[in-house]
Amino acid sequence: MLRRKPVEAFVDEGGVGQGGTLRRTLGLTQLTTLSIGATLGSGIFVILGEAVPVAGPAVVLSFVLAGITALFSALSYAELAGMIPLSGSSYSYAYATLGELVAWVCGWCLVLEYGVSVASVAVGWGQYLNELLQLAFGVAIPDALSQPPGDGGIVNLPAIAVVVLAMFLLLAGAKESATANTVMVLVKVVTLVLFCAVAFTAVRAGNFSPFLPMGLAGLSAGGAKLFFSYIGFDAASTAGEEARNPQRDLPRAILLSLGIVTVLYCLVALAAVGALPWQQFDGEQAALSHVLTTIVDNKLWAALLAVGAIVAISSVVLTVLYGQTRILFAMSRDGLVPKALSKVDPKSGTPRVNTVVVSLFVGLLAAFVPLGKLADATSIGTLFAFGLVNIAVLLLRRRHPDLPRTFRAPLSPVTPVLGVLCCGYLMFSLDVATWIVFGCWMAAGLVLYFCYGVRRSRLATREAA
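Sequence positions are assigned chain by chain, starting from 1 and proceeding in written order. Thresholds applied to this predicted model are a pLDDT of at least 70 for local features of residues and 80 or more for the giving and counting of side-chain atom pairs; totals over whole chains, interfaces and linings are not thresholded and use all residues. Side-chain measures were taken over the full set of non-hydrogen atoms in the model, leaving aside hydrogen atoms and water.

1. So, the overall build of the protein chain
Under the convention used in this document: Under the scheme used here, helices are H or I runs from DSSP no shorter than 4 residues and strands are E runs no shorter than 2 residues, and both carry numbers assigned from the N terminus. Based on C-alpha atoms, the radius of gyration is set beside the globule rule, defined as 2.2 Å times the residue count to the power 0.38. Exposure classes here rest on a 1.4 Å probe applied to the protein chains alone. A residue is buried below 20% of its type maximum, exposed above 50%, and partly exposed in between. All accessibility values rest on the Shrake-Rupley procedure with a 1.4 Å probe; residue burial counts only the protein chains present in the view. In this tally Asp and Glu are treated as negative and Lys and Arg as positive; neither His nor the chain ends contributes. Charge coordinates come from a single atom per side chain, which is NZ of Lys, CZ of Arg, CG of Asp or CD of Glu.
Across its full length, the protein chain holds 19 helices and two strands. The C-alpha atoms of the protein chain give a radius of gyration of 21 Å, which matches the 23 Å a tight globule of 465 residues would have. The principal-axis extents of the C-alpha atoms in the protein chain amount to approximately 70 × 45 × 40 Å. For the protein chain, the residues scored as buried account for 61% of the 465 residues in total. Accessible area of the protein chain: about 16,800 Å², with a carbon and sulfur share of 69%. Taking the average place of the 29 positive charges on the side chains of the protein chain and the average place of its 24 negative ones, the gap between the two points comes to 9 Å.

So, in structure tokens, the structure goes:
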């Protein structure tokens, strides 16, 4: 359980799967838009409506708090991604530093981060699709077919549809998926800029008072919910084996994407709570569209925003689903999950079985589980994984000080330690129910490891031989 995989072994087997090899086709632009595509989506279009009732106008500072927490971890990710440029992301970093059991726990958290977050994002996609249909044609998909059980429906068909569309794009190849994602990222950035331009014309100073209606507890609770908005900046690190120059481009892509989305988040949040009293956000999943329909008589702006949101959330589904498949690819190659998940199709250069299995799992979650529960569970799993990444930086600095690093986290060990503390603070700001779900998820993961991975891992079979 404590055996570690040498860093050199990770580097030597980069890109190699069962029956084929991943193709190195992604440059800095594609890697940056991959991270932006995975990050900039339902957090601002959907989760904002859940965070404002908790934090009030101080939701702007909640975004800053979540962004600072993400920044500390992003610096650690940038250092490790430049040193160990692999598809496994923080799972691979933990395997090289903390041992196999902790690596499995980290990988299991990443399944929660990526797989479950795709499901929650897909749920939000259906909300904006209904908003667009209502604005354009005066009709909407019935709740029975557009809401999961517990939210007044039977099955969420739009959520399944967007996951299936993303699956077919991914099966076409990494380069094709990256090109489609770049176009979608441009559309959603323009959409958010247009929202700010319209909403700032309706800003009223009285909407910012009281600024902290729930006190500092509301501020931190809002930050914990909104941390979901930053999930995805690490997506570039899952493309380490398909990047043309990973040592140079991965650190740049991670930090550049985080800076862009943080500025956009704060501007949009400031415009939204300034244009509409914070009490009116309660229960609104299509929050930005609700703002525009309230402050502007012309429905055209709200319709354009709904189109942008649909494109934006489609991009998140595509890129986060991509990240999940690559993490499972790395875990499969190490023997911790079935070998079929690391089988690479020689024609497309993609793990086809992996992509189909993950898409089916995500589609079922999106169809039958409510958004709020998915988002909170995703946040706690992500915070745990990010904490481990910060610890991995400290350990690798101590154990392998001479390994080449194309980027070094500044002020280490201060920034990694602050990253651990901030992640812990936001984790304990989440409610008890989320912790219970997280505990059950971890227990299920440990059962799988001790029943399968501990004996079948490649390191275990080498030791036995």
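2. Thoughts on unusual backbone geometry
Following S209, the chain continues into P210 via a peptide bond in cis, with omega recorded as -5 degrees. Summarising the element assignment, P210 is placed in the loop between α10 (174-199) and α11 (215-226). Of note, the amide linkage connecting S412 to P413 takes the cis form, showing an omega dihedral of 10 degrees. With respect to the secondary-structure elements, P413 resides in the loop between α16 (371-399) and α17 (414-427). Phi is positive for L411, which is not a glycine, with a value near 60 degrees. You can see L411 is positioned in the loop between α16 and α17. Residue L411 is classed as exposed on the basis of its relative accessible area of 65%.

3. Here we look at the environment of P416
The test is simple: Should any heavy atoms of two residues lie within 4.5 Å, those residues are considered in contact.
With respect to the element layout, P416 can be found in helix α17. Along the primary structure P416 and L388 are separated by 28 residues, whereas in three dimensions their C-alpha atoms are 9.8 Å apart. Setting aside residues up to four positions removed in sequence, P416 forms contacts with S76, N390, V393 and L394.

4. Side note on the nonpolar core
Cut-off, in case you're wondering: The definition of a nonpolar core used throughout is a set of buried Ala, Val, Leu, Ile, Met, Phe, Trp, Tyr and Cys residues joined through side-chain atoms within 4.5 Å.
Counting 145 residues, the largest nonpolar core has I44, V59, F63, F195 and L288 as its most contacted members. Looking at which element gives the most residues to this core, the answer is helix α7 (residues 100-137), with 21 residues. Once residues within four sequence positions are removed from consideration, I44 is found in contact with F63, L192, S229, Y265, V268 and L288.

5. What about the confidence of the model for the protein chain?
Stated precisely, the cut-off is as follows: As a per-residue measure, pLDDT tells how confident the predictor is, with possible values from 0 to 100.
Across the protein chain, pLDDT averages 83, with 94% of residues at or above 70. Averaged pLDDT values for the elements of the protein chain fall to 63 in strand β1 (residues 16-17) and rise to 90 in helix α12 (residues 246-275).

6. Remarks on a nonpolar patch on the surface
Note the cut-off: Patch membership needs two things, relative accessible area over 30% and no salt bridge, and members are linked within 9 Å if like-charged or within 5 Å if nonpolar (Val, Leu, Ile, Met, Phe, Trp, Tyr). A pairing counts as a salt bridge when a side-chain nitrogen of Lys or Arg comes within 4 Å of a carboxyl oxygen of Asp or Glu.
Together, L61, V64, I68, F211, L212 and L216 make up an exposed nonpolar region whose accessible area comes to about 490 Å². Top contributing element to the nonpolar patch by residue count: helix α5 (residues 59-83), with three residues. As for its position among the elements, L216 is in helix α11.

7. Some points on the packing of α10 against α12
We apply this condition: Inter-axis angles, ranging from 0 to 180 degrees, are taken between N-to-C directions of lines fitted to C-alpha atoms, where helices are fitted over the stretch in contact. Put simply, a crossing is left-handed when the front helix is turned counterclockwise from the back one by less than a right angle, and right-handed when it is turned clockwise. Any residue that is not Ala, Val, Leu, Ile, Met, Phe, Trp, Tyr, Cys, Pro, Asp, Glu, Lys or Arg is counted as polar, Gly included; the first ten are nonpolar and the last four charged.
Running from N to C, α10 and α12 point in directions that differ by 35 degrees, and their axes come no closer than 9 Å. Along this stretch, α10 crosses α12, giving a crossing that reads as left-handed. Across from V189, L192, V193, F195, C196 and A199 in α10, the residues of α12 making contact are L264, L267, V268, A271, A272 and A275. Across the contact of α10 with α12, the residue classes break down as 12 nonpolar, no polar and no charged.

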